Structures are given as structure tokens and as C-alpha cells.
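Structural description and commentary
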Amino acid sequence: MKSRGQRSGALASIFRDIALLVAIAAILAASAVWAAPDPSSIVLTGADRRPATSLHGDWAAIVDPYFSGLFSFHHQEREDGWFLNRKAKPGDTFPTEYDFSKASTLKVPADWNTQRESLFYYEGPIWYERNFTYQPREHKRVFLHVGAANYRSWFWVNGQKVCEHEGGYTSFNCEITSAIHSGNNFIVAAVDNMRREDGVPTLETDWWNYGGLTREVSLIELPETFIDQYDLHLNRAAGSVIEGWVHVDGGKIGDKVKVEIPELNAEGSSVLTAEGRAQIHLVASNLERWSPETPKLYKVKISAGQDSIDDLIGFRTIETRGTEILLNGKPIFLRGVAIHAEAPYRTGRANTDKDAETLLGWAKELGCNYVRLAHYPHDESMLRAADRMGLLVWSENPVYWALQFDNPKVLAKAGQQLDEEIGTSRNHAAIILWSMANETPNTPARTHFIESLATRARFLDSSRLITAALLEHAEGHTKIVDDPLGNVLDVIGVNEYIGWYEQRPEGADSTEWRIGYQKPLIVSEFGGGAKAGLHGGENDRWTEEYQANIYRHQLGMLNRIPQLRGMSPWILMDFRSPNRPLAGIQDEFNRKGLISDQGEKKQAFFVLQKAYKEKTIGKPE
Ligand code: GCB
């Protein structure tokens, strides 16, 4: 007979095996949801580093609220919608109701809402068309690169459908090799920004639903076999080892792949496995690590067969130890601010280098070393600027508020957007946190849904930390963070609005916090609204004084949370939201910005700036 000790040992091992099987099943289940990616569009890492033909400029545009360009009068999808004929050909026997050559134009890349007054509130489909000339070359494949199209989009080249996409904040690439020809070509796109119950995000959000081809659209030419994705990062344990992989689309087993960092005289090469992937390992002694103080980027050349790409990559490590966040092995406090992709001064969707430099420049001026890019993946230009300027980034999947968490199709959509987010941005040193969600309701279906996403994110990228912005609840003067989702996170994010949606700002003074997890905590949102230039007493809502008062009391309270490792108050700049109609004050802007949409700094900006610059907030590093 076995002793108690042996029995419990055997039982423990059975439980370990079961736990392992459950974990494997969870991973398989999570991957199964994404097992069949849409073959018509692919994800490219470093797409902005590829030579490209930009299709920016004026596109003919037809507003089609009933979507009759895509659906017949019995609401059947048309294979070759009326719009594709563009205009009546001689001998046509049917009336042609649409003619792009007579239509007015919209700028691309841009949202349509801020281009035409009649489109300000528009939610629905708009058709775009553009002519271009092209000279395809032999043995080359051509891809239509779409930086983002909100929310669903369909594309045809010379009347041939090339792809369909769902998700408004990630880039994708449609192969158009067989549709494009030499000389004059035309492209037709339908973009529909109608909110959907089964969308990601869904019907309710607190930001403007900017529609259109909101980010760069271009043509990228690639060799027949080409590097589609790669991941290069610093090994956590061995300081001078850069590891990762390169994937080659169409590559054959045994094909050679090389990665070089000329400045470091470092080189690594390897061969493709049957999955078209080569593992990379290279020793880079004398490597200067990327950090907010020294945002060093290296030119990295990746080559495989006929293809090569030069990227600019920084190398650093990020991990947690107990309740610490360690950047390059050293504890760091994240002095941050949240940012929406709202364009400074002109409003609308932010999508230029200048927008990124203005927004992140303000964050630097505030004394930040970190920004939360809410609530969806931002434009590549923002991530490049964060890499250059030395700002750590929280990047977020648009799993916002109450999605249909029990709908497997919605999980697949969130998963696809996560794949695109990680696939395109995985080499940005700036990104340290993948955020799975924001303020989701605590239900078993929700927890299961986000757990699957977290499993997927870790499977795709084990070098970064997983987080989410949770909700808190209160017992008397104690705020409690015990959402079960915390179990699957590396870093706990929590949003709270003491002084705005509840209590007076002074309420923070008597508030204690009980965090149910021994993990680093980031207060991912707090704040309150103020109209720039509106002054009054500390107790007068909407004044700059009231907002500044919230910040003063919040800072005192936050400093009393022992495991606080960062904060990103809501928000750097005022942003448009249809939920904010208060006339004369909000005028459809969420006014919680520290800076107005016209660049005016409010008093709270200086309160936070002082705390950040003098490091009176957070644990000394
Ligand atoms: C939140 C949301 C954010 C809103 C903000 C607000 O909790 O995460 O998207 O904009 O509050 O201003 O109420």
C-alpha cells in the first residue's frame, strides 16, 4: 500500500498531468478559432519599410446608405455590383445609376466624417474609386496594402474582387497579382462603418466612429517568395542574444535566411523548416539596449532568397518579478498618459507622422516614459515615433465594454484583429504590454473569451506582458480589484473615476485599495472633464480648477498603493465622442483631456507634469 506521502505525490502528478492537458486543450481550442486565416489577405511585418506606390490623394466617392451597390433589391449579394461597371458602356441596355467619373471626391487616407459636413454623423457604406497606372514586373507579386479601413471593407481591382476585411484598426494586404495589368487600372473599394452588435468593438463606444480608408493605402511589390513576418527580440536571460524567427511565404524547407545588424557586426543565419519558418539566434555583444532614456534603434537587414527588408529595431527586455515591472532587468515606474488616435488641431483620425510627433511630443513634455494607446491598435507612424522618442507603449485590442462574449464568431473576429496587431507591430521595442480588453463585464463567458485571447497572445509573442483594464468595486471606503480576469494577466490594469463619476475629488483621500493579485498594478485611467479656458472654484465642475483638484487628490491616493507600478490618466487630449453632447462645454468632445483638441494646456497638465518631473509619484526607481 502506498503511504500518504506517496499517494499525494502520485495524485499531485496526476493533477499536474490533467492541468497540462487542460492547458494544451485551451491552447488548441484558442488556436482552432483562428486556424483558417482568410487567404485573400495577409499580414506583413514592417510593411512601411517596403518600397511602395502610394495611392493617397483624391478618390471618387459615392455615398450608398442602403448598400445597393452590393445588394440587389431582394438583398442578395451582387457578385459584380453596379459600381464595378463604373459607367455605361455603349450598347448597355440597363440604366446605369452610378458613375464614379461624375462623383465628388474624398481624400485618402482620411476619415470621411471630417471631410464633408453631410458625412459628419454618417454610418454606413461609401464606395471609393481610383485610377492608377502600373507596370507589373515578371516574377513579382503585387499587394494592396490597407493601413486601416473602418469597419468592414471590400476591394476590387479592374472589376475582380481581391478581398474583404473586417476590423477598423489593423492593416492588411490583399494580393492583386492576377487582377492588375500593365497600363491603366482601377480600384473600387466599399467601406462600411456601420456599428454591429457582433462587431469588435460593438455598438457602444466612447469615441467617434470615424469611417473610411483612414490610414495609408499603397501598392507593395514583392518577389514570388517573400518575408511576410519576423520577430526579433532580446533574450531575457542571455543579455547579448537576439532571438526570434523569420517566416517566408512560399519558402521551401532548407532555404536560407539571414539576419544582419551591421552596426554591431552581428549576423545570424538559419534555414526554413517545413512551416516556412527559420529560427534566429545571433550574438550581439556591445549591444546598447533600448530604453526611454536611450531609445537606440539598429538597422536590421533580413534576407531570404530574392527578398530582403531593412527594419529599424530596438532591443530591450520586459518582465515582471513579484509586483515589479522590470525593463532591462531593472524596476521601472510607468509615468504615462492615455491617448486616442484623434488628430490634434484638425480632429478626425490621427494618421500622420506629424500627428504622432505632436501627441507623443506632448506626452514627453508631460514627463512621461509611457503611453497607453487606447482603445485599438494605432497607426504604424505612432509606434515608429514611440520607438524613436523613447515612450513605452500599452497596445490594445478593441475588446471594449460588452461584446457578444458568448458568440464564437465574435471571438474569431477579436482573434483576427489580435493576430494582425501582433503580426504587424511585434518588432516595436516601445510596445511592452498587449492589452486584451477594456472595462468588460465580469461574466464567465467574458472571462473565457479573454482568456482565449491571452493564450493566443502568449502563443504569438511570449516576450511581452499581457494586461487588461479592469473595473473595480467598493466596500465602504475600500476599492477592491478582484475581477477573476486578473488571474490570466501579467499586469493588472484598473480604471477608476473618483471625483468625477463618483464622490468629490477629496473622496480619494480616504480611499484604500485592496488588490486581489500580487502582480504589478497600473491605474490605467482616472480623470475628469474640463473645458479649456473655463475657470472657477475647485468645486465647480467643468472648470480647469476642478480637474486639477481631481489630479491632486488622485496623486496622493495613488502613492499609497504599494504595488502601483504605473498610471495612464484619461486622457492626453480632448477627443470627439457622440456620447458627450453637453452644449457649450462638451459639444461632442470628451473633455477629460489635459490638453484641448486645439492644443491648449489645462491646469491639470501642469499638476501632473510637476509630479512626473519631480518624481513625487510612484516608487523611486
Ligand atoms: C472609461 C473608458 C473610456 C471613456 C472614459 C470616460 O472608463 O474606458 O473609454 O472615454 O471612461 O471618459 O468616461
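One can find the structure itself at the top, above this paragraph.
To keep things clear, this report deals only with the structure shown in the data block. (Residues numbered from 1 in each chain as written. Predicted model: local features only at pLDDT ≥ 70, side-chain atom pairs only at ≥ 80, totals over all residues. Heavy atoms only, no water.)

**Description of the overall build of the protein chain**
Stated precisely, the cut-off is as follows: In this text, helices come from DSSP runs of H or I with a minimum length of four residues, and strands from runs of E with a minimum of two, each type numbered from the N-terminal end. The globule rule is 2.2 Å times the number of residues to the power 0.38, and the radius of gyration it is compared with is taken over C-alpha atoms. Only protein chains enter the accessibility calculation, which uses a 1.4 Å probe; a residue whose area is less than 20% of its type maximum is buried, one above 50% is exposed, and one in between is partly exposed. Any two residues whose heavy atoms approach within 4.5 Å are treated as being in contact.
Within the protein chain, the secondary structure is distributed over seven helices and 34 strands. A globule of 621 residues ought to have a C-alpha radius of gyration of about 25 Å, and the protein chain, at 25 Å, matches this closely. Taking the principal axes of its C-alpha atoms as reference, the protein chain extends roughly 80 × 70 × 55 Å. Counting across all 621 residues of the protein chain, residues that qualify as buried make up 60%. Contacts in the protein chain between residues far apart in sequence, at least 24 positions, make up 71% of those at least 6 positions apart.

**Quick look at empty space enclosed by the protein**
Selection rule: A cavity, in this analysis, means grid points on a 1 Å lattice covering only the protein atoms where a 1.4 Å probe fits yet has no way out; a pocket is instead an open set bounded by protein on both sides within 12 Å along at least five of seven lines, and a residue lines either one if it has an atom within 4 Å of a point. Grid points are joined across faces, edges and corners, and a volume is the space filled by probe spheres set on the points. When residue character is reported, Ala, Val, Leu, Ile, Met, Phe, Trp, Tyr, Cys and Pro are called nonpolar, Asp, Glu, Lys and Arg charged, and the others, Gly included, polar.
Enumeration over the complete set of coordinates arrives at five cavities of 30 Å³ or more. Empty space within the largest cavity amounts to approximately 110 Å³. Taken together, 13 residues line the largest cavity, and the ones lying closest to its centre are Asn150, Arg195, Pro201, Thr202 and Asn209. Its residues assigned to classes, the lining of the largest cavity comprises five nonpolar, six polar and two charged. Taken as a whole, the second largest cavity spans an internal volume of roughly 70 Å³.

**Considering the packing of helix 6 (residues 544-558) against helix 7 (residues 603-613)**
Basically, it comes down to this: A fitted line through C-alpha atoms represents every axis, and for helices the fit uses only the stretch in contact; the resulting angles, taken between N-to-C directions, go from 0 to 180 degrees. Note on terminology: angles under 35 degrees are roughly parallel, angles over 145 are roughly antiparallel, angles of 65 to 115 are roughly perpendicular, and the others are oblique. When the near helix sits turned anticlockwise from the far one by under a right angle, the crossing is termed left-handed; a clockwise turn instead gives a right-handed crossing.
Where helix 6 contacts helix 7, the axes come no closer than 7 Å and their chain directions differ by 25 degrees. Of the possible angle classes, the one that applies to helix 6 and helix 7 is roughly parallel. Remark: the crossing between helix 6 and helix 7 carries right-handed chirality. Taken together, the residues of helix 7 that come into contact with helix 6 (itself represented by Glu544, Glu545, Gln547, Ala548, Tyr551, Arg552 and Leu555) are Gln603, Ala604, Val607, Leu608 and Ala611.

**A look at the pairing of strand 13 (residues 241-249)**
Let me state the cut-off plainly: One bridge is not enough; two strands pair if DSSP finds at least two bridges between them.
Counting buried residues along strand 13, eight of its nine residues qualify, which places the element largely inside the surrounding structure. Sheet topology places strand 12 (residues 226-234) next to strand 13; eight bridges connect them, and they run antiparallel. Paired with His233 across the two strands is Glu243, which belongs to strand 13. Following strand 12, the chain reverses through six residues before pairing antiparallel with strand 13. Strand direction decides the pairing type here: strand 13 and strand 16 (residues 277-283), joined by seven bridges, are antiparallel.

**With respect to the pattern of salt bridges**
The line we're drawing: Salt bridge criterion: a side-chain nitrogen from Lys or Arg within 4 Å of a carboxyl oxygen from Asp or Glu.
Applying the stated criterion to the full structure yields 37 salt bridges. Here Lys102 ties to Asp99 by a salt bridge, and the two come within 3.1 Å at their closest N and O atoms. With relative accessibility at 69%, the residue Lys102 sits in the exposed group. Salt-bridge contacts for Glu123 lead to Arg195; the nearest nitrogen and oxygen are separated by 2.7 Å. Here the residue Glu123 occupies a position in the loop between strand 4 (105-108) and strand 5 (125-134), and Arg195 occupies one in the loop between strand 10 (183-192) and strand 11 (217-223), the gap between them amounting to 72 residues. Given a relative accessible area of 25%, Glu123 falls into the partly exposed group. Among the charged side chains, a salt-bridge network with shared partners connects Asp48, Asp311, Glu380 and Arg384.

**Section: helix 6**
An α-helix turns once every 3.6 residues. As a result, residues three or four positions apart point the same way. The cut-off we apply is this: To estimate how far a helix should extend, the number of its residues minus one is multiplied by 1.5 Å.
Here helix 6 is 15 residues long and its end C-alpha atoms lie 21 Å apart, about the 21 Å a rise of 1.5 Å per residue gives. With respect to burial, helix 6 is a largely interior element, 13 of its 15 residues being buried.

**Quick notes on the environment of Cys368**
The residue Cys368 is located in the loop between helix 2 (353-366) and strand 23 (370-373) in this model. You can call Cys368 buried: its relative accessible area is 6%. For the pair formed by Cys368 and Thr317, sequence separation is 51 residues and the distance between their alpha carbons is 19 Å. Sequence-distant contacts of Cys368, defined by excluding residues within four places in its chain, comprise Arg335, Gly336, Val337, Ala363, Leu391 and Tyr612.

**Concerning the packing of aromatic side chains**
Put simply, the rule reads: Planes of paired rings set the category: under 30 degrees apart is stacked, over 60 is edge-to-face and the rest tilted, where pairs are Phe, Tyr or Trp rings (Trp by its six-membered ring) whose centres lie within 6.5 Å.
Applying the stated criterion across every chain yields a total of 24 aromatic pairs. Consider the rings of Phe67 and Trp154, whose centres lie 5.2 Å apart with planes at 85 degrees: the pair is edge-to-face. You can see Phe67 sitting in the loop between strand 3 (57-63) and strand 4 and its partner Trp154 sitting in strand 7 (residues 152-157), a full 87 residues away along the chain. Given a relative accessible area of 3%, Trp154 falls into the buried group. On the numbers, 5.7 Å between centres and 40 degrees between planes, the contact of Tyr121 with Trp208 is tilted. Taken together, the positions of Tyr121 in the loop between strand 4 and strand 5 and Trp208 in the loop between strand 10 and strand 11 put the pair 87 residues apart, joining distant regions of the chain.

**Observations concerning the layout of surface pockets**
In this approach a probe as big as a water molecule rolls over the atoms, and the regions it shows empty are the leftover space. Reported here for the second largest pocket is a volume of approximately 680 Å³. Looking at the second largest pocket, it is lined by 33 residues, and the ones nearest its centre are Asp48, Glu216, Asp379, Glu380 and Ser381. Contributions of two or more residues to the lining of the second largest pocket are made by strand 11, helix 3 (380-389) and helix 4 (408-425). By residue number, the principal contributor to the lining of the second largest pocket is helix 3, which donates five residues.

**Observations regarding the site of the ligand**
Using the following cut-off: Being near a molecule or strand, for a residue, comes down to having at least one heavy atom within 4 Å of it. We define a polar contact as two N or O atoms separated by no more than 3.5 Å, with the added condition that, inside protein, one atom must be a possible hydrogen donor and the other a possible acceptor, whereas residues neighbouring each other in sequence contribute only through side-chain atom pairs. Per-residue and other accessible areas were derived by the Shrake-Rupley procedure at a 1.4 Å probe size, with only the shown protein chains allowed to occlude residues.
Contacts to the ligand come from 14 residues, most closely from Asp206, Tyr400, Glu439, Tyr501 and Lys592. One nitrogen or oxygen atom from the side chain of Tyr400 is found 2.6 Å from an oxygen atom belonging to the ligand. Between the ligand and the protein, one listed contact pairs an oxygen atom with a side-chain N or O atom of Asn590 at 2.8 Å. For the ligand, the protein covers 96% of the area, taking 320 Å² as the surface of the free molecule. Tallied by class, the residues present in the shell around the ligand amount to five nonpolar, four polar and five charged.

Coordinates in, geometry out; function isn't part of it.
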